[in-house]
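Listed below are the residues making up each chain.
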Amino acid sequence: GSAYEGFFRSSRPLAVEPSLVVHDYGMIRMEANGLLSLSMITGGVRTDAWMLPVHNQLFCIGVERANGSPVFGIFNGVGSIKVSVMDGLTLTSVLDAGRTPTASPIVTERIGDLSGDRDADDATFASMISLQPTHRMDEIPAELRAHLMRDIGPEAAKLGGDWLLRMPISRSFSK
């Protein structure tokens, strides 16, 4: 679990405006109980979650503090001493009238290491509230854009693509 500890920035399509990429800024750390906790902030919205490593994947189960929306994720894990990039899929409900369940691909990149001082790490995480939460899709690197905005469904499958939204290890960015 300690391979995942650090500060991260994720990139994923914004559900309510797919021409934008939203960045979640987060901190993963091992708690005294041996579990990995995840704290994320996105444009002022905080999410608290647990990260559960199982085999070669990392499962995320959490909730947004402001509105109680559940947050789930499955990430391709990495068998190394220090994880630098993970990708996977997220599932949450959008804040529309119907609370629409929405899945999307996500790429999470390490942006820093924990200091070992819990108070200092908490302060670093708290400062992330001011970081830019969105970019236009055309402002991110082409390789990342293609990874996040793939076509799926019957027509894509006919052309050799995926029928369903998937994140196979053979195309994973995780390292």
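On to the overall build of the protein chain, then. Summing up its helical and strand segments, the protein chain has three helices and nine strands in all. Traced from its N-terminal end to its C-terminal end, the protein chain shows the element sequence β-β-β-β-β-β-β-β-α-β-α-α. Radius of gyration (C-alpha) of the protein chain: 16 Å, near the 16 Å computed for a compact globule of 175 residues. Viewed in the frame of its principal axes, the protein chain has a C-alpha envelope of about 50 × 40 × 30 Å. Counted over contacts in the protein chain with a minimum sequence separation of 6, partners at least 24 positions apart contribute 48%. Surface summary for the protein chain: the accessible area is close to 9300 Å², and the carbon and sulfur share equals 59%. Here the protein chain contributes 16 positive and 20 negative side-chain charges, whose respective centroids are spaced 3 Å apart.

For the rest of this paragraph, the subject is a nonpolar patch on the surface. A contiguous nonpolar surface patch, about 550 Å² in accessible area, is contributed by Leu 35, Trp 50, Leu 52, Val 54, Ile 61, Phe 72 and Leu 91. Here the element with the most residues in the nonpolar patch is strand β4 (residues 45–54); it accounts for three residues. Within the fold, Leu 35 resides in the loop between β2 (17–30) and β3 (36–42). The class of Leu 35 is partly exposed, set by a relative accessible area of 34%.

If you walk through the whole model with that rule in mind, you get 13 salt bridges. A salt bridge links Asp 24 to Arg 12; the shortest N-O distance between them is 2.8 Å. Linking Asp 24 in strand β2 with Arg 12 in strand β1 (residues 6–14), this pair joins segments that are 12 residues apart in sequence. Arg 12 matches Asp 24 in its accessibility class, with the two residues each being buried.

Counting 16 residues, the largest nonpolar core has Tyr 4, Ile 28, Leu 38, Met 51, Leu 58, Phe 75 and Met 86 as its most contacted members. Put simply, the parts of the chain that give this core at least two residues each are β3, β4 and β5 (57–64). Top contributing element to this core by residue count: β3, with three residues. Setting aside residues no more than four positions away along its own chain, Leu 58 makes contact with Tyr 4, Leu 36, Met 51, Leu 52, Pro 53, Gly 73, Ile 74, Phe 75 and Met 86. Of all hydrophobic cores here, the second largest spans seven residues; its members include Val 21, Met 137, Leu 144 and Leu 148.

When you line up the elements, Asp 87 lands in strand β7 (residues 85–93). Arg 150 provides the closest opposite charge to the buried, unpaired Asp 87, separated from it by 6.1 Å. A polar contact is formed between the side chain of Asp 87 and the side chain of Ser 172, at a distance of 2.7 Å. Not counting the four nearest positions on each side in its chain, Asp 87 is found in contact with Ile 74, Phe 75, Asn 76, Ile 106, Val 107, His 147, Met 167, Arg 171, Ser 172, Phe 173 and Ser 174.

Conventions and cut-offs
Residues numbered from 1 in each chain as written. Predicted model: local features only at pLDDT ≥ 70, side-chain atom pairs only at ≥ 80, totals over all residues. Heavy atoms only, no water. Helix = DSSP H or I, 4+ residues; strand = E, 2+ residues; numbered from the N terminus. Rg over C-alpha atoms; globule rule 2.2 N^0.38 Å. Contact = heavy atoms within 4.5 Å. Areas by Shrake-Rupley, 256 points an atom, 1.4 Å probe, with all protein chains shown as cover. Lys, Arg positive; Asp, Glu negative; His and termini not counted. Charge placed at Lys NZ, Arg CZ, Asp CG, Glu CD. Patch = residues over 30% accessible without salt bridge, like charges linked within 9 Å, V, L, I, M, F, W, Y side chains within 5 Å. Salt bridge = Lys/Arg side-chain N within 4 Å of Asp/Glu carboxyl O. Buried < 20%, exposed > 50% of the residue type's maximum accessible area, 1.4 Å probe, protein only. Core = buried A, V, L, I, M, F, W, Y, C linked by side-chain atoms within 4.5 Å. Polar contact = N/O pair within 3.5 Å; in protein donor to acceptor, adjacent residues only side chain to side chain.

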